[in-house]
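# Structural overview for review
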Amino acid sequence: MTPFGYARAADRADALARVGSGARVLGGGTNLVDLLRQNVEQASELVDVSRLEGAIRESDDGGLLIDASVRNATLAAHPLVRHRYPVLARALLAGASAQIRNMATVGGNILQRTRCMYFYDVEGARCNKRQPGAGCDAMDGFNRYHAVLGASDQCIATHPSDMCVALAMLDAVIHLSGPDGERSVPLTDFHVLPNATPQTETVLKPGELITGVELPPPSAAVTHSEYRKVRDRSSYAFALISVAGGLAIAEGRITEARIALGGVAAKPWRATRAETALVCVAPTPDAFLAAIREELVGARPLSGNGFKIGLAERTVVAVLGALAGARA
Amino acid sequence: MSIRVNGMEVLPPDDARVSLLDHLREHLHLSGTKKGCDQGACGACTVLLDGNRVLSCLTLAAQADGSNVQTIEALAAESGALHALQRAFIEHDGLQCGYCTPGQICSAIAMAEELRRGDPSYVTLDLAAGPPVVTRAEIRERMSGNLCRCGAHNGIVEAIEDMLVETAA
Ligand SMILES: Cc1cc2nc3c(=O)[nH]c(=O)nc-3n(C[C@H](O)[C@H](O)[C@H](O)COP(=O)(O)OP(=O)(O)OC[C@H]3O[C@@H](n4cnc5c(N)ncnc54)[C@H](O)[C@@H]3O)c2cc1C
Ligand code: FES
Ligand code: FES
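As annotated in an unreviewed UniProt entry, chain A carries the name FAD-binding molybdopterin dehydrogenase and is attributed to Sphingobium ummariense RL-3.

The structure is reproduced here in structure tokens:
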């Protein structure tokens with residue numbers, strides 16, 4: 001680990017000034033401290049934003065505004081989240097452990113980096129994300145956890161966040177602040193696919209901070225939503241596949257379907273094709289399966305993760321089936 | 001500023017790279033808190049930071065500046081009388097080698113408070129309902145951040161159940 005300085009941001013302006021002069025942002029540190037220690041990342045200065053005001057409040061239109069420094073555990077336990085956005089509470093609770101959720105911030109969770117073991121293995125493995133042009137040892141290696149959608153010949157890593165899968169499904173918007181002022185980006189446009197530049201993971205610009213996340217008012221399918229995570233052990237493990245799903249049904253037909261997938265790509269994957277295929281149809285297992293198959297038409301299995309395609313299909317059918325059953 | 005460790009004011013380290021775990025063990029000689037993986041994967045280093053359970057291996061000591069840290073050393077009374085959960089661990093064989101035990105115990109104490117507040121877990125069926133019903137499945141899920149490589153989990157869960165019943169009574 002290279003030596004670095006540490007300062008606690010006095011307020012947002014102070015944080016922005018420090019980031020502008022080259023400091024790395026520190027949230028809970030659950031990812032960054034680890035990456036610095038493993039020498040995957042380096043920093044000369046850290047600015048701690050985890051003690052900035054962390055509020056969760058209703059927006060004027062009935063949505064929710066969440067400050068970037070809110071801890072994952074606090075967000076999951078918040079009454080408005082549990083009642084109006086159950087998919088988000090469940091996704092947060094599916095992530096990591098109670099200790100890590102107490103530390104992790106919303107901003108850090110969005111910007112956490114892949115858990116690809118070759119990305120972590122500085123001494124022993126080639127990784128295009130860590131060192132552009134070096135090659136990718138995951139391609140012919142242990143790629144059970146890697147992507148089946150949107151991967152490139154440069155990188156097959158997945159984004160590991162559970163929370164972000166729910167945020168993608170909820171049409172969440174990320175608020176950013178930087179040297180050129182403030183802007184907002186839909187979460188589904190925030191993370192980018194690897195293409196030829198896997199070192200670029202998001203549209204965040206140098207000097208920018210995530211200041212918060214905004215959720216639109218809950219639609220019927222959001223109020224009636226769930227998150228299911230399939231993993232190699234039943235707790236404290238990253239997702240093989242995860243599904244955020246929501247359904248609204250009226251007179252035996254689906255009026256609104258929302259689906260996002262985790263564990264399949266370098267970004268949380270909003271399954272818009274599957275959603276479109278479900279509108280106005282009867283909520284049957286066959287309809288669910290046909291819809292998710294349309295989404296997965298472009299899926300490409302690697303040597304070790306072909307099972308993910310069938311697993312994604314079955315998990316979507318199970319989640320939507322449970323939601324339809326509970327409503328009926 | 002300073003860190004309050006088990007009621008004592010101590011200075012943060014000069015080097016910002018030092019973790020809270022190393023600060024406790026190497027500089028303050030509080031070796032009750034254990035280092036298992038040093039990367040957030042085992043829970044052996046769990047301590048209470050302002051009452052919340054956190055991993056001291058992924059916390060920089062500087063991040064704890066101005067906060068209250070409680071470690072396993074603070075649990076027994078001055079007289080040496082053990083905390084109810086420490087007694088329950090002994091009674092139920094909640095340990096073999098004992099390496100994970102300080103982390104398990106700190107973690108479970110904070111877990112009891114989370115349950116009391118009504119915080120849900122991944123296995124809580126109805127997230128919108130009131131305080132979750134305490135079942136073994138709830139305890140196992142809530143304690144999944146603490147691994148035990150000796151496999152003493154059954155005793156650990158029983159000991160925690162005991163403590164929860166005792167404090168509820
Ligand atoms: C053992 C283990 C298991 C885990 N399991 C899961 C799991 O199952 N599911 C899951 O979703 N996650 C899991 N995680 C990951 C965990 O959720 C993330 O590490 C955490 O959410 C990161 O948040 P943080 O605040 O600690 O971020 P930090 O580590 O502080 O920061 C992460 C990145 O975000 C940047 N950053 C932080 N805040 C801001 C901001 N406001 N503006 C701009 N940049 C910012 C930092 O510079 C850094 O690059 C696990 C982690 C560990 C160690
Ligand atoms: S030593 Fe901290 S989690 Fe293992
Ligand atoms: S008692 Fe040995 S690791 Fe738990």
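From this point, the narrative continues.
Moving on to the overall build of chain A. A tally of helices and strands in chain A yields 14 helices and twelve strands. Relative to a compact globule of 328 residues, whose C-alpha radius of gyration would be 20 Å, chain A shows 20 Å and is just as compact. A principal-axis box enclosing the C-alpha atoms of chain A has dimensions of 60 × 50 × 35 Å. Looking at chain A as a whole, 58% of its 328 residues qualify as buried. The contacts in chain A between residues at least 6 apart in sequence include a share of 64% that link residues at least 24 apart. Across chain A, the mean location of the 34 positive side-chain charges is 5 Å away from that of the 33 negative side-chain charges.

Before going further, it helps to spend a moment on the UniProt feature "domain: FAD-binding PCMH-type" (unreviewed entry) in chain A. UniProt annotation of "domain: FAD-binding PCMH-type" (unreviewed entry) refers to residues 1-220 of chain A when read in the numbering used here. Across residues 1-220 of chain A one finds 29% helix and 17% strand; the C-alpha atoms that close the span lie 49 Å apart.

All names here are of chain B. If you walk across this open sheet you meet the five strands as E2-E1-E5-E3-E4, and the pairing is mixed. Edge strands, defined here as strands with exactly one partner in the open sheet, are strand E2 (8-10) and strand E4 (52-55). Neighbour-to-neighbour, the strand axes of the sheet open up by a mean angle of 35 degrees, direction not taken into account. Sheet strands touched by helix H3 (residues 101-117): strand E3 (46-49) and E4. Its angle to E3, the strand with the most contacts, is close to 45 degrees.

What follows concerns the domain arrangement of chain A. According to the domain assignment, chain A contains domain 1 (5-50) and domain 2 (220-327). A straight line from the C-alpha centre of domain 1 of chain A to that of domain 2 of chain A covers 36 Å.

Residues and elements named next belong to chain B. For the structure on display, the rule yields 28 salt bridges over all chains. In this structure, aspartate 38 and lysine 35 form a salt bridge, with 3.6 Å as the shortest nitrogen-oxygen distance. Classification of aspartate 38 by relative accessible area gives buried; the value is 18%.

A few words on the pairing of strand E6 (residues 173-178) of chain A. Residues and elements named next belong to chain A. Sheet topology note: the E6/strand E7 (residues 181-186) ladder contains six bridges and is antiparallel. In the strand pairing of E7, valine 173 is matched with proline 186. Linkage of E6 to E7, two consecutive antiparallel strands, is achieved through a turn of two residues. Two strands pair when backbone bridges link them, and E6 and strand E8 (residues 209-215) are joined in this way by five bridges, in the antiparallel orientation.

All names here are of chain B. The assigned domain composition of chain B is domain 1 (3-74) and domain 2 (84-168). For domain 1 and domain 2, the distance between their C-alpha centroids amounts to 21 Å. For the pair domain 1 and domain 2, the two sides together bury roughly 1200 Å², of which 55% comes from carbon and sulfur. Counting the contacts that link domain 1 with domain 2 gives one salt bridge.

All names here are of chain B. Running from N to C, helix H2 (residues 84-91) and helix H5 (residues 153-168) point in directions that differ by 140 degrees, and their axes come no closer than 8 Å. Taken as axis vectors, H2 and H5 run oblique relative to one another. Handedness of the crossing formed by H2 with H5: right-handed. Residue-level contacts link Ala84, Leu85, Arg87, Ala88, Phe89 and Glu91 of H2 to Ile156, Ala159, Ile160, Asp162, Met163 and Glu166 of H5. Split by residue class, the contact of H2 with H5 holds eight nonpolar, no polar and four charged.

This next bit is on the side chain of A:His159. All names here are of chain A. Following the sequence through the fold, histidine 159 ends up in the loop between helix H8 (117-120) and helix H9 (163-169). For histidine 159, a relative accessible area of 10% puts it in the buried group. Within the structure, histidine 159 has its side chain in polar contact with the backbone oxygen of isoleucine 110 (distance 3.4 Å). Separated by 3.4 Å, the side chains of histidine 159 and histidine 191 make a polar contact. If we skip the residues at most four places from it in the chain, histidine 159 touches Asn109, Ile110, Gln112, Cys164, His191, Ala265, Ala266, Lys267 and Pro268.

Calculation notes
Residues numbered from 1 in each chain as written. Chains lettered and ligands numbered in written order. Predicted model: local features only at pLDDT ≥ 70, side-chain atom pairs only at ≥ 80, totals over all residues. Heavy atoms only, no water. Helix = DSSP H or I, 4+ residues; strand = E, 2+ residues; numbered from the N terminus. Rg over C-alpha atoms; globule rule 2.2 N^0.38 Å. Buried < 20%, exposed > 50% of the residue type's maximum accessible area, 1.4 Å probe, protein only. Contact = heavy atoms within 4.5 Å. Lys, Arg positive; Asp, Glu negative; His and termini not counted. Charge placed at Lys NZ, Arg CZ, Asp CG, Glu CD. UniProt positions renumbered as here; feature names shortened; annotations may be inferred. Pairing = 2+ DSSP bridges. Axes fitted to C-alpha atoms, helices over the stretch in contact; angles between N-to-C directions. Domains from an automatic or database assignment. Salt bridge = Lys/Arg side-chain N within 4 Å of Asp/Glu carboxyl O. Buried area = accessible area lost by both parts, 1.4 Å probe. Parallel < 35°, antiparallel > 145°, perpendicular 65-115°, else oblique. Left-handed = near helix turned anticlockwise from the far one by under 90°. Nonpolar A, V, L, I, M, F, W, Y, C, P; charged D, E, K, R; others polar. Polar contact = N/O pair within 3.5 Å; in protein donor to acceptor, adjacent residues only side chain to side chain.

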